[in-house]
Amino acid sequence: MATHQHRRRAGSSRHLCVTLSYAAFTAAFIENAPTAVLPSLASSLGVSESTAVWSRAVFAGTAAITAIPVVHATRRLVRRDLVVTSAIVLLISSVFLLSTTDLMAHLVMRGAAGLAAGVMWSVIGGYAYSFAPAGRHAAYLTAALFGGTLSIAIAIPLAATLRSWHATVATSAALAAALVIAVLLFAPHTHLEPAKRPAAEKKSATTWPVIVLLAIVMLLGGAAHNATASALTLTMPANAPVAFTSLGLASLAGGIGAIVLLHRHLLALTITMSALMVAGYAILSTQSHAASAVILGCTLWGLGWGPLPAAVQAIATGVASTPDTANATQLVGYNVGLTLGPLALILVIPEITPLVSLGTACLATMGIVLVAVLNKQVKNRAR
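All values derive from a computational prediction rather than experimental measurement. Going along each chain's sequence as written, the residues are numbered from 1 onward. Given that this is a predicted model, residues contribute local features only at a pLDDT of at least 70 and side-chain atom pairs are listed and counted only at 80 or more, while totals for whole chains, interfaces and linings are drawn from all residues. For side-chain calculations, the full set of non-hydrogen atoms in the structure is used, while hydrogens and water are omitted.

It is worth spelling out a nonpolar patch on the surface at this point. Each patch is built from residues that are more than 30% exposed by relative accessible area and take part in no salt bridge. Like charges join if they lie within 9 Å; nonpolar side chains (Val, Leu, Ile, Met, Phe, Trp, Tyr) join within 5 Å. Under the convention used here, a 1.4 Å probe and the Shrake-Rupley method define accessible areas, while residue burial counts only the protein chains that appear. We define a salt bridge as a contact between a side-chain nitrogen of Lys or Arg and a carboxyl oxygen of Asp or Glu at a distance within 4 Å. Together, I256, I259, V260 and L261 line one region of the surface with nonpolar side chains, adding up to about 310 Å² of accessible area. Under the scheme applied here, a residue whose accessible area is under 20% of the maximum for its type counts as buried, over 50% as exposed, and between as partly exposed, the area being computed with a 1.4 Å probe on protein chains only. Judged by relative accessible area, I256 falls into the partly exposed class, the value being 43%.

Structure representation (structure tokens):
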């Protein structure tokens, strides 16, 4: 009987991990793809490209504002039902976006999608962590989040190749529909209780200063990432597909490296990835008109960026007594950064210049210091 229950739990955990990874893929695709089709989106809405940037800003801003209160308010709900409800909202908003050319209606639907994606991102890590077999919590969490990294490798390059807002949002609707079906079929039912966290892994609420530091790191990384991606799209539309393909493939490689190395070499991995981000931004800020330099810069940027969300959520989930709320805090920091990045292009630097990339390099440098400090704190706690 015990063996049967163990096999049943292991199978359900694997199915859940794959399903949550696909959920992360879908949420990241819907969030990131518009970055690569700003000219088409602007044409569809009849607005300027700088105004079209608000589509991404509203998405990220709504996720940042609503993640913590919504996750806290729904903390007693079954995570499976919460994920499938979020997937349905993503599907409805994507279908509606296919038919509207009104800016305000577009922003409302992007806000709804941001709310749903924010909730989904907040619970994925803790959901996978709680159902993982003993001793494999970090691996399952990282694998569940890997879908987001994989999406970066596919979403932006694909959208940049299509160069069509309508084709991109139609793909988003198809992904969301498949996600609803996948969650209903493969996520564990409510009667399968989550595995208990080992006593040695239980942390107290005093770890919240570390959680806040992690949120600051995600804010800096999100601002750097989105400002540079938007700048590349607007300043080099002809080179955007190859630039984003380099970024995506490098992010994919970095994400795979995170799955293999994250649980054993967390400090070294985070410092290395931050250094790679700085190197990539430095190249983009000084050699942005040379195609080969742009490819190199995007490759280094992707290698550094790919493992970052998984590393941060692994730390947050491991040290927090309430993982979903802790992960929601990281999401808030990340989406505030995503919002500030494009807004800087609109409000602070009306004319896009390589100085944008130089500014994001400074943000990444600050991220190195914060990541190093917080990892030392986490390492000291573990002793």
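Only Phe, Tyr and Trp rings are paired, with Trp represented by its six-membered ring, and only when their centres lie within 6.5 Å; those with planes under 30 degrees apart are stacked, over 60 edge-to-face, the remainder tilted. For the structure shown, the criterion picks out one aromatic pair. Both rings, one in Y22 and one in F25, keep their centres 6.3 Å apart while their planes meet at 10°; by these two values the pair is stacked. One end of the pair is Y22 and the other is F25, both in helix α1 (residues 2-32) and three residues apart, which spans about a single turn. The exposure class of Y22 is partly exposed, given its relative accessible area of 23%. Given the relative accessible area of 13%, F25 is considered buried. By definition, any uninterrupted DSSP run of H or I lasting at least four residues is a helix, any uninterrupted run of E lasting at least two residues is a strand, and each is numbered from the N terminus.

Known as pLDDT, the predictor's confidence for each residue is given on a scale from 0 to 100. Counting all residues, the mean pLDDT for the chain is 75, and 74% of those residues have values of 70 or more. Contact definition: two residues touch when any of their heavy atoms are within 4.5 Å. The model gives residues 190-206 a pLDDT under 50, and that stretch makes 33 contacts with residues more than four places away or in other chains.

Turning our eyes to something else, we now look at the packing of helix α4 (residues 54-73) against helix α6 (residues 103-131). Lines fitted to the C-alpha atoms define the axes, with helices restricted to the stretch that makes contact. Angles between their N-to-C directions range from 0 to 180 degrees. Relative orientation of the contacting elements α4 and α6 amounts to 45°, with a least axis distance of 7 Å. Viewed along their axes, α4 and α6 adopt a mutual orientation that is oblique. The interaxial crossing formed by α4 with α6 has right-handed handedness. Contacts between α4 and α6 pair W54, S55, R56, V58, F59, T62, A63, T66, A67, V70 and V71 from the former with H106, L107, R110, G111, A113, G114, L115, A117, G118, V119 and S122 from the latter. Amino acids are sorted into nonpolar (Ala, Val, Leu, Ile, Met, Phe, Trp, Tyr, Cys and Pro), charged (Asp, Glu, Lys and Arg) and polar (every other residue, Gly among them). Here the residues of the contact of α4 with α6 sort into 12 nonpolar, eight polar and two charged. Working definition: roughly parallel below 35 degrees, roughly antiparallel above 145 degrees, roughly perpendicular at 65 to 115 degrees, and oblique for all remaining angles. Rotating anticlockwise by less than a right angle from the far helix to the near helix defines a left-handed crossing, while the corresponding clockwise rotation defines a right-handed one.

On the secondary structure map, A279 appears in helix α11 (residues 266-286). Among the residues examined, A279 registers a relative accessible area of 30% and is labelled partly exposed. On a C-alpha basis, the gap between A279 and W301 in space is 7.4 Å, while along the polypeptide they are 22 residues apart.

Only protein atoms enter the 1 Å grid used here, on which a cavity is any set of points holding a 1.4 Å probe that cannot leave and a pocket is any open set flanked by protein within 12 Å on both sides along at least five of seven lines; residues with an atom within 4 Å of a point are listed as lining. Grid points are joined across faces, edges and corners, and a volume is the space filled by probe spheres set on the points. Applying the stated criterion across every chain, the model contains five cavities of 30 Å³ or more. Roughly 270 Å³ of internal volume is contained in the largest cavity. Taken together, 17 residues line the largest cavity, and the ones lying closest to its centre are W121, M218, P309, Q313 and Y334. Breaking the lining of the largest cavity down by element, the ones donating at least two residues are α1, α7 (137-162), α13 (308-319) and α14 (323-348).

One less than the number of residues in a helix, times 1.5 Å, gives the span that helix is expected to have. Taking 1.5 Å of rise per residue, 15 residues should cover 21 Å, and helix α12 (residues 291-305) covers 21 Å from first to last C-alpha, within 8% of that figure. Inspection of α12 places A293, V294, G297, C298, L300, W301, G302, G304 and W305 among the buried residues, and these make up the whole buried set.

By size, the foremost hydrophobic cluster in this structure holds 47 residues, and its most contacted members are L214, F244, C298, W301 and L308. Examining the composition of this core, we find that eight residues originate from one element, helix α9 (residues 208-235), more than from any other. For L308, the contacting residues outside a window of four places in its chain are V217, M218, G221 and M273. What we call a nonpolar core is a set of buried Ala, Val, Leu, Ile, Met, Phe, Trp, Tyr and Cys residues that are connected through their side-chain atoms within 4.5 Å. Among the nonpolar cores identified, the runner-up in size contains 44 residues, and F59, A67, V84 and A187 belong to it.

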